[in-house]
Amino acid sequence: MTANITLSKGTARRRSDHPLWFLIPALVILVVFFFVPTLSNFVYAFTDWSSFKSAINFAGIDNFTSLFSNGTLLNALKVTLVYAVLVAIFQNLFGLALALLLERDTRVNRAVRVAFFIPVIMSALAVGYIFQALLKPDGALNGIIGALFGTEVAIPWLGSTTWTIVVVAVVHAWKWMGLSMLIYLAGLKTIDEDVLEAARLDGANRWTMFRSIRFPLLAPAVTFNVATALLGSMNGFDIVQATTEGGPGGTTELLNIFIFRTFGQGLFAQATTMSLVLFLTVTILAFPVIRFLRKREDVL
Amino acid sequence: MKNKFRTALALAAAGALTLTGCSDPGTGTDSSGPVDWPAQDADLSGTTLTIWAAQNSNTVPDSVIAGFEELTGAEVEVVTIPDPYEQGVQTKVATGDKPDLAFWQPTASQLTALNASQNLQPLDDAPWLDSYKPELRDITGILDDTRYAALITTPAVEGVYYNKEVFAANGITETLTDWDSFLQTARDLKDDGVTPFYEMAADRWGTQWWVQVQLADAAADGLWDRVNANEEKFTDPTIQGAIETYQGLIEEGLFNEDIKTATFEDQGAALLAGDAAMAVQVNSFFGQLQSLADTAELDQKIGFFPISPSGNVGTFIPDQSNALVAFKTGDADREAAARQLLSYWLGDGYGDFVNAQQTVSLQTGVETPADVPEALLAVSDSLADSVGSMQALAIANPDLYIFLADMIQGTKTPTEVAEATQAQFEELAKAQGAEGF
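In this text, all values refer to a predicted model and were calculated from it rather than measured experimentally.

Undergrad: I would appreciate a short explanation of the overall build of chain B in the present structure.
TA: Along its length, chain B carries 21 helices and 13 strands. Taking the principal axes of its C-alpha atoms as reference, chain B extends roughly 85 × 60 × 40 Å. Burial analysis of chain B (437 residues in total) assigns 55% to the buried set. Nonlocal contacts in chain B, meaning residues at least 24 apart in sequence, comprise 78% of its contacts between residues at least 6 apart.

Written out as structure tokens, the structure is:
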């Protein structure tokens, strides 16, 4: 009885401390900058909005039929998926490797962690332009390789219709690996020292410890990192725009670059339709991926 | 409580939706009728005008602005819109953001892209029109019989920039007067171990000149009118043939070996150094050369001639740095002030302007400065009997250059280039509501 009274009193006080209308400012921002644009995205995709005339008319599924009958959209979607998968793989490999290397809290490690985190807070376009300069046929990377082997090297890193997408994905992963590292470090910190000690007493070597104990226990960090890297890079634009602009030969033309190009032509409705397609693709992909990754966490 | 909250959320969302509605925020004000042109020196104290410019045109107005500010007391601000300039401007205008004036490509397709009749001030009876050299007065800037753009410098011409020293060293002394002798010269140069042509497929945009110069005669014969009416397509023999010829010349080995990775900067350096004999390019290429060498060296090394299948007909392509447009901002005073600035620019300020820019004068009453390089004079001379490019005459400007660069990289065949260009052209024409699409 006493307990009940205190409880209801507590709830009442909490209610008066935090009235629901306190949410309104946040809600307004959410509605104006998130819900409305997303809904407009759905609406404008079915119109003929363009820069050429001021009237906007309903156009049915015209935009969808013309986009899907033209192979460019499907090609851009394919490129986007390949890019996202590559980024997810590289970013997590780099991030995990860094986290394991820099796990101990020494003074040097702390400084090095900061160094690897710096790219995360750099402008993505700046990163792109720096790498574009480094990777040019007469750029610094070829210069270094040439100096090491004593020959003239002029590899066009951004000029291969097969491999450039891998190179650009590595650049993207390089920029974001600091964030993955941070999350993996946090994950490693949560592992109970007793479990590790028990394993050590049982004679497990470092590799067994990693494979059978630490990596499985990192599952939540893996879920977050893989999901954000995969789904985030589906929306990639800046790095690829700065390094290749979708070239060579359209082999790195992500959907967002295609959207940008279409928007730039003044075909606003078509660009909106494409971004709706991207939105739906990311959504459709997100559910099974996150479900699968969460399933892995069941061992915990 | 929970239900109330949900209702509030739904209401808020619905309200916001209604507010957005289905209207184009870029819609301009609908003022029409003849306008007055204020005197060039009318007082404008307290007025601030904004000019949008691209990274390569933001210093062009400096001398004009200085003179105008002193004369009228107005303040003129140049805002640089980052590259790609045209896309940036279109996006801003579409969302309702407008300057008083902007550098803009004065072609039909680009004026259409800005929705000129809604967003731009007509300049039909501008006071400076009679000062133009007669053959340049109506060359561009006009859409549906209304003038929307003021031409300030000579439009670019697509043609052949060549290294005079390489030509001389290989015994080429006569001007190349037709397509066959042009190609024969290239083949002879190749036999002598010289790279005849230099192309920059990594930067993509220059790839379209080779196709367009081949279309000069067809353009004079109404090619783009037929394309605009959907009576002829990019996939028909004329245009697709030009694309195939281009591909054939590349496969024949008449171009630089690093064509896939070469950039605009590489192209300029290569022609100046004599690593290649010729490059089909436009005026901005010469601007690049000017950043590498002085006028004396350029006069000694670099020449220009226009080329077309039948002879020396140039293909002109005005670009963003050649002209300005004035926006309907809804503020009558500022609109008048913008017109006044243009009157001054092409009026009392024009002499200073061509001197400061070291550029060819468009007006009979203003002399071209003495130290304008010879190649630029040759470009300007070729303008009078040149024909319009795709950008100048077609109602839409598809990404032909991207598809051609794809072809050079090996991911598209000439047929696919023509198909992709045609598909995009149709899409754009349909969006414009053009007849026949």
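Okay, back to it.
Undergrad: Is there a simple way to explain the nonpolar core in this structure?
TA: The nonpolar side chains of soluble globular proteins are, as a tendency, buried together. All names here are of chain B. Of all hydrophobic cores here, the largest spans 78 residues; its most connected members are I51, Y85, F103, W128, V325 and W345. With six residues, helix α16 (residues 332–345) is the largest single contributor of residues to this core. Sequence-distant contacts of Y85, that is, excluding residues within four places in its chain, are made with W52, A53, A54, A102, F103, W104 and Q320. Formed by 61 residues, the second largest nonpolar core is a distinct cluster that contains V211, Y246, F403 and V417.

Undergrad: Looking at this structure, I do not really get the sheet that holds strand β2 (residues 75–80) of chain B. What am I missing?
TA: Note: strands within a sheet are paired through backbone hydrogen bonds, in either parallel or antiparallel orientation. Residue and element names in this part refer to chain B. With respect to topology, five strands assemble into an open sheet ordered β2-β1-β3-β12-β6, the strand pairing being mixed. Single-partner strands in this sheet number two, and they are β2 and β6 (149–151). Direction aside, neighbouring strands of the sheet carry axes that sit 25° apart on average. Strand contacts of helix α3 (residues 85–94): β1 (48–53) and β3 (101–103), with the helix running at about 135° to β1, the strand carrying the most contacts.

Undergrad: How should the environment of F437 of chain B be read in this particular structure?
TA: Residue and element names in this part refer to chain B. Residue position: F437 is located in the segment after α21 (414–432). The spatial distance from the C-alpha of F437 to the C-alpha of I152 is 35 Å, given a sequence separation of 285 residues. Discounting chain neighbours no more than four positions away, the residues touching F437 are V227, N228, A229, N230, F425, E426, A429 and K430.

Undergrad: Any chance you could explain a nonpolar patch on the surface here in plain terms?
TA: Residues and elements named next belong to chain A. A grouping of W21, F22, I24, V28, I29, V32 and F33 is seen on the molecular surface, where their side chains present a nonpolar patch of about 780 Å² in accessible area. Mapping V32 onto the fold places it in helix α2 (residues 24–44). The exposure class of V32 is partly exposed, given its relative accessible area of 42%.

Undergrad: It is not clear to me how unusual backbone geometry should be interpreted in this structure. Could you clarify?
TA: Peptide bonds are, in most cases, trans, and in most cases residues other than glycine have a negative phi. Residues and elements named next belong to chain B. Here D144, not a glycine, exhibits a phi torsion of approximately 50°, which is positive. Relative to the helices and strands, D144 is located in the loop between β4 (142–143) and β5 (146–147). A relative accessible area of 68% means that D144 is categorised as exposed. With a phi angle near 50°, Q358 is a residue other than glycine that sits in the positive phi range. Along the polypeptide, Q358 turns up in the loop between α17 (350–357) and α18 (374–382). The class for Q358 is partly exposed, based on a relative accessible area of 28%.

Undergrad: I keep staring at the packing of aromatic side chains and nothing clicks. Help me out?
TA: Between two aromatic rings, the relevant description is the distance of the centres plus the angle of the planes. Taken as a whole and judged by the stated rule, the model has 39 aromatic pairs over all chains. Centroid distance W21 of chain A to F22 of chain A: 4.8 Å. Interplanar angle 80°. Geometry classified as edge-to-face. Since its relative accessible area comes to 57%, W21 of chain A is described here as exposed. Since its relative accessible area comes to 49%, F22 of chain A is described here as partly exposed. Relative to W210 of chain B, the ring of F182 of chain B lies with its centre 5.9 Å away and its plane at 25°, an arrangement referred to as stacked. In this pair, F182 of chain B is assigned in helix α8 (residues 179–191) and W210 of chain B in helix α9 (residues 208–214), connecting sequence segments 28 residues apart. A residue is classified by how much of its surface remains accessible, and F182 of chain B, at 0% relative accessible area, is buried.

Undergrad: Sorry if this is basic, but what is going on with the domain arrangement of chain B here?
TA: Accessible area lost upon the coming together of the parts is a frequently used measure of interface size. Residue and element names in this part refer to chain B. The domain boundaries assigned to chain B delineate domain 1 (32–153 + 319–366) and domain 2 (156–317 + 389–432). Taking only C-alpha atoms, the centre of domain 1 and the centre of domain 2 are 30 Å apart. On the domain 2 side, the residues contacting the nine residues of domain 1 number 10 residues. Summed over the three residues of domain 1 that lose the most area to domain 2, namely S109, I139 and D319, the buried surface amounts to 45% of that side. Summed over the shared surface of domain 1 and domain 2, the result is zero salt bridges. Counting every contact that joins domain 1 to domain 2 gives three residue pairs in polar contact (both at pLDDT 80 or more). For the side of domain 1 that touches domain 2, the residue count by class is two nonpolar, six polar and one charged.

Undergrad: Please clarify how the environment of F103 of chain B should be interpreted in this entry.
TA: Residue and element names in this part refer to chain B. Among the secondary structure elements, F103 is positioned in strand β3. On the accessibility criterion, F103 (0% relative accessible area) is buried. Taking the C-alpha atoms as reference points, F103 and V60, separated by 43 residues in sequence, lie 9.9 Å from one another.

Undergrad: Is there a simple way to think about the interface of chain B and chain A in this case?
TA: Across the boundary between the two partners, chain B contributes 41 residues, which contact 37 residues of chain A. Together, the buried faces of chain B and chain A total about 3,300 Å²; carbon and sulfur atoms form 61% of this surface. Counting across the interface, chain B meets chain A through three salt bridges. The closest approach of N and O atoms between K430 of chain B and D62 of chain A, which form a salt bridge, is 3.0 Å. Taken together, the connections running from chain B to chain A amount to 11 residue pairs in polar contact (both at pLDDT 80 or more). Every element with two or more residues in the side of chain B that touches chain A is listed here: α1 (2–20), α3, α4 (108–113), α20 (400–409) and α21 of chain B. Taken together, the residues of the side of chain B that touches chain A sort by class into 18 nonpolar, 17 polar and six charged.

What counts, and where the lines are drawn
Residues numbered from 1 in each chain as written. Chains lettered and ligands numbered in written order. Predicted model: local features only at pLDDT ≥ 70, side-chain atom pairs only at ≥ 80, totals over all residues. Heavy atoms only, no water. Helix = DSSP H or I, 4+ residues; strand = E, 2+ residues; numbered from the N terminus. Buried < 20%, exposed > 50% of the residue type's maximum accessible area, 1.4 Å probe, protein only. Contact = heavy atoms within 4.5 Å. Core = buried A, V, L, I, M, F, W, Y, C linked by side-chain atoms within 4.5 Å. Pairing = 2+ DSSP bridges. Axes fitted to C-alpha atoms, helices over the stretch in contact; angles between N-to-C directions. Patch = residues over 30% accessible without salt bridge, like charges linked within 9 Å, V, L, I, M, F, W, Y side chains within 5 Å. Areas by Shrake-Rupley, 256 points an atom, 1.4 Å probe, with all protein chains shown as cover. Salt bridge = Lys/Arg side-chain N within 4 Å of Asp/Glu carboxyl O. Phe/Tyr/Trp six-rings, centres within 6.5 Å; stacked < 30°, edge-to-face > 60°. Domains from an automatic or database assignment. Buried area = accessible area lost by both parts, 1.4 Å probe. Polar contact = N/O pair within 3.5 Å; in protein donor to acceptor, adjacent residues only side chain to side chain. Nonpolar A, V, L, I, M, F, W, Y, C, P; charged D, E, K, R; others polar.

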